[in-house]
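The primary structure of each chain is shown beneath.
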Amino acid sequence: MRARVTYFRQVGYYALDLGETKARRRELLPLYVRVLTGVTPSRKD
């Protein structure tokens with residue numbers, strides 16, 4: 001199910017032509033990880 005959600009999310013990006021920058025998508029990555037896994041990723045600075 002997680003794979004399907006990830007796949008459809010990616011297809012949606014292309015279909016809607018959101019035009020987000022790579023930097024913005026990287027900012028959202030922790031949110032995607034938390035939603036799909038239930039785990040809040042820790043930052044490694």
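Data block above holds the structure.
So, here is what we can say about the structure in this document. Keep in mind that this is a model prediction, so the values were computed, not measured. Position numbers for residues start from 1 in each chain and track the written sequence from start to end. Reporting of local features is limited, given that this is a predicted model, to residues whose pLDDT is at least 70; pairs of side-chain atoms are given and counted only at 80 or more, and all residues count toward the totals for whole chains, interfaces and linings. Here the side-chain values reflect all heavy atoms present in the structure, with hydrogen atoms and water set aside.

## Quick notes on the overall build of the protein
What counts, and what does not: By the criteria applied, helices consist of DSSP H or I runs no shorter than four residues and strands consist of E runs no shorter than two, each listed in order from the N terminus. Each residue is placed in one exposure class: buried if its accessible area under a 1.4 Å probe, protein chains only, is under 20% of its type's maximum, exposed if it is over 50%, and partly exposed if it falls in between. Computed by Shrake-Rupley with a 1.4 Å probe, the accessible areas treat only the displayed protein chains as cover when residues are assessed. Positive: Lys, Arg. Negative: Asp, Glu. His and the chain ends are not part of the count. Charged side chains are reduced to one point each, which is NZ for Lys, CZ for Arg, CG for Asp and CD for Glu.
Summing up its helical and strand segments, the protein has two helices and zero strands in all. With the C-alpha coordinates aligned to their principal axes, the bounding extent of the protein is approximately 30 × 25 × 10 Å. Here the protein holds 45 residues, and the buried ones make up 4% of them. Counting only carbon and sulfur atoms, one obtains 59% of the accessible surface of the protein, whose full area is about 4300 Å². Averaging the locations of the 10 positively and 4 negatively charged side chains of the protein gives two centres separated by 9 Å.

## Topic: the environment of Val 35
Looking at the element boundaries, Val 35 is found in helix α2 (residues 22-37). Looking at Val 35, the relative accessible area reads 61%, which means it is exposed. In this structure, the C-alpha to C-alpha distance between Val 35 and Arg 2, residues 33 residues apart in sequence, is 9.6 Å.

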